[in-house]
Amino acid sequence: MAAVVTPIIACDFLAVQSVVNLVEPPEMDQLRALRVYAKVVAEGSFAGAARALDLAPAVVTRAIADLEKHLGARLLNRSSRSLALTEIGRAYLVRATQILAELDDADALASAASKTPKGTLRVLCPPAFAVHQLARHLPRFHHQYPQIHLEVNASGPVDAAGEDFDVSILSIGEQPLQGDFVIRPLACSSFIICAAPEYLARSGTPLEPQDLLGHEGLLPAVSAVRRELTLYRQTMSPGLGGEHAVTLPLTPAVLSTTHLELLLAAALAGLGLAGLPSFVADAALRDGRLQRVLPQWRGTTLKLYAAMPTRKQVPARTRAFVDFLVATFGGQERDPWLTV
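Enquirer: Explain the packing of helix H2 (residues 30-43) against helix H4 (residues 57-71) here, please?
Expert: To describe two helices that pack against each other, one gives the angle between their axes and the distance between the axes. Running from N to C, H2 and H4 point in directions that differ by 110°, and their axes come no closer than 9 Å. The orientation of H2 with respect to H4, classified from their angle, is roughly perpendicular. In terms of crossing hand, the pair formed by H2 and H4 is left-handed. Across the interface between the two elements, Gln30, Arg32, Ala33, Val36, Tyr37 and Val40 from H2 touch Val59, Val60, Ala63, Ile64, Leu67 and His70 from H4. Residues that form the contact of H2 with H4 fall into these classes: 9 nonpolar, 2 polar and 1 charged.

Enquirer: Can you walk me through the pairing of strand S3 (residues 119-124) in this structure?
Expert: Regular strands place their side chains on alternate faces of the sheet. Relative to strand S4 (residues 148-153), S3 runs parallel, the two sharing 6 bridges. Opposite Leu124, over in S4, you have Asn153 as the bridge partner. Bridging between S3 and strand S5 (residues 167-172) involves 2 bridges; their strand directions are parallel. Paired with Leu124 across the bridge in S5 is Ser168.

Enquirer: Which parts of the structure should I look at to understand the pattern of salt bridges?
Expert: Think of it this way: side chains of opposite charge can pair up when their charged atoms draw near. A complete count under the given rule lists 8 salt bridges for this structure. Note that Glu151 and Lys39 form a salt bridge whose closest N and O atoms lie 3.6 Å from each other. Of the two residues, Glu151 sits in strand S4 while Lys39 sits in helix H2, which places them 112 residues apart along the sequence. Given the relative accessible area of 28%, Glu151 is considered partly exposed. We classify Lys39 as buried; its relative accessible area is 16%. A salt bridge links Asp166 to Arg122; the nearest nitrogen and oxygen atoms lie 3.6 Å apart.

Enquirer: Sorry, what's going on with the side chain of Thr257 here?
Expert: Tracing the backbone through its elements, the reader meets Thr257 in strand S10 (residues 255-257). Non-local contacts of Thr257, meaning those with residues more than four positions away in its chain, are made with Leu219, Pro220, Ala221, Leu262 and Leu263.

Enquirer: What should I look at first to understand unusual backbone geometry in this one?
Expert: One can expect most non-glycine residues to show negative phi and most peptide bonds to be in trans. In this structure, Asp54 is a non-glycine residue whose phi angle is positive, near 60°. In this fold, Asp54 is placed in the loop between helix H3 (46-53) and H4. Residue classification places Asp54 among the exposed residues on the basis of a relative accessible area of 69%. Of note, Leu294 is a non-glycine position whose phi angle comes to about 50°, a positive value. Considering the arrangement of structural elements, one finds Leu294 in the loop between strand S12 (291-293) and strand S13 (297-298). Residue classification places Leu294 among the buried positions, given a relative accessible area of 5%.

Enquirer: Would you take a moment to explain the environment of Pro252 for this structure?
Expert: As for its placement among the helices and strands, Pro252 is situated in the loop between strand S9 (243-249) and S10. Considering only alpha carbons, one finds Pro252 and Leu218, 34 residues apart in sequence, at a separation of 9.5 Å.

Enquirer: What should I look at first to understand the layout of surface pockets in this one?
Expert: Take a probe with the size of a water molecule and roll it over the atoms, and the empty space left behind shows itself. Put simply, the largest pocket is a space of about 1500 Å³. Among the secondary structure elements, those contributing two or more residues to the lining of the largest pocket are H2, H3, helix H5 (87-114), S3 and S4. A total of 10 residues in the lining of the largest pocket trace back to one element, the largest contributor, which is H5. Among the residues making up the lining of the largest pocket, the classes are represented as 16 nonpolar, 11 polar and 17 charged.

Enquirer: Honestly, the packing of helix H6 (residues 127-144) against helix H8 (residues 260-268) in this entry has me stumped. Any pointers?
Expert: It is at 9 Å that the axes of H6 and H8 come closest, and there the two elements cross at 55°. Between H6 and H8, the angle is such that the two are oblique. Residues Ala128, Val131 and His132 of H6 touch H8, and the partners they reach there are Leu260, Glu261 and Leu264. For the contact of H6 with H8, a count of residues per class yields 4 nonpolar, 1 polar and 1 charged.

Enquirer: Whenever I open this one, the nonpolar core confuses me. Can you help?
Expert: Nonpolar side chains tend to gather and get buried jointly when the protein is soluble and globular. Counting 43 residues, the largest nonpolar core has Phe129, Leu186, Leu276, Phe279, Leu290, Phe321 and Leu325 as the members making the most contacts within it. No other element matches the 7 residues that helix H10 (residues 316-329) contributes to this core. Among all residues touching Phe321, those that are not within four sequence positions of it are Leu121, Val123, Leu134, Phe141, Leu150 and Val167. In terms of nonpolar packing, the next biggest core, distinct from the first, is built from 19 residues, Ala50, Ala63, Leu67 and Leu93 among them.

Calculation notes
Residues numbered from 1 in each chain as written. Predicted model: local features only at pLDDT ≥ 70, side-chain atom pairs only at ≥ 80, totals over all residues. Heavy atoms only, no water. Axes fitted to C-alpha atoms, helices over the stretch in contact; angles between N-to-C directions. Helix = DSSP H or I, 4+ residues; strand = E, 2+ residues; numbered from the N terminus. Parallel < 35°, antiparallel > 145°, perpendicular 65-115°, else oblique. Left-handed = near helix turned anticlockwise from the far one by under 90°. Contact = heavy atoms within 4.5 Å. Nonpolar A, V, L, I, M, F, W, Y, C, P; charged D, E, K, R; others polar. Pairing = 2+ DSSP bridges. Salt bridge = Lys/Arg side-chain N within 4 Å of Asp/Glu carboxyl O. Buried < 20%, exposed > 50% of the residue type's maximum accessible area, 1.4 Å probe, protein only. 1 Å grid on protein atoms, 1.4 Å probe; cavity = no way out; pocket = protein on both sides within 12 Å on 5 of 7 lines; lining within 4 Å. Points joined across faces, edges and corners; volume = space filled by probe spheres on them. Core = buried A, V, L, I, M, F, W, Y, C linked by side-chain atoms within 4.5 Å.

See below:
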């Protein structure tokens with residue numbers, strides 16, 4: 001009889017356990033919920049977080065609901081069009097971000113021990129630099145480090161390190177560096193004057209800085225109080241110092257914009273003479289779509305840096321990427337894109 005009774009008892013136990021599981025769901029994965037919450041805030045929507053994390057939207061919604069239930073507080077105010085952090089949600093995000101960063105550092109220590117850089121690397125980069133320089137070198141980086149996954153944010157200018165990013169590529173003009181981070185120089189890039197061959201054939205090629213005044217100008221947007229354009233020329237003449245400067249009145253440009261891609265496109269279309277960073281004009285100059293005007297002269301110089309948060313432990317993947325950038329762009333305060 002024992003051989004008959006035992007299976008019946010086991011079946012009854014399993015049935016009871018199944019009912020218990022239905023009544024009391026498994027404990028929430030809080031670490032996963034933290035990552036989902038941080039991603040929802042970063043993406044600005046549940047749908048965006050679902051796409052970024054490769055999860056079903058319902059899973060993201062449930063994770064946030066479970067987290068709020070666990071905390072007994074609302075973290076996000078939701079509407080059909082937007083999300084807004086509550087006061088508690090904002091404070092909780094700060095601590096959650098710190099916790100996730102510490103966990104990433106712990107993962108990085110393990111990665112460093114195995115000598116294999118891997119994992120997700122968050123990069124903040126100016127859009128023009130991302131398009132015209134970074135992208136062309138990424139295949140080589142991926143070949144060297146196939147286990148590193150890059151998340152690149154190129155939404156706008158970058159003049160300070162982003163706290164939520166492993167590496168920020170800074171583009172600094174005349175303003176001093178600010179913030180608490182570690183930097184490594186990458187290169188410098190000067191603004192240069194260039195134009196499409198068609199425009200120069202139609203309007204003539206300036207031979208001296210003063211000749212610019214008779215041309216259509218395409219310029220980066222500058223402060224309304226700035227009314228002058230200064231150009232610099234390297235000189236080896238005794239007694240003149242390293243550079244000779246010429247200042248011209250800044251007449252209204254036919255196009256002025258903060259969008260360097262638009263300036264480049266307009267110059268390629270033959271709209272006028274464009275002032276562009278050398279790293280933006282580089283490819284078009286090399287293949288002849290643009291020609292440099294007044295090649296002995298340059299405008300303002302941008303300094304490019306790789307910046308990292310001041311953490312005690314730098315992940316192996318971060319070191320690998322920064323070392324790659326330094327090796328690729330020279331790591332010196334000179335312009336590698338100028339051939340003159």
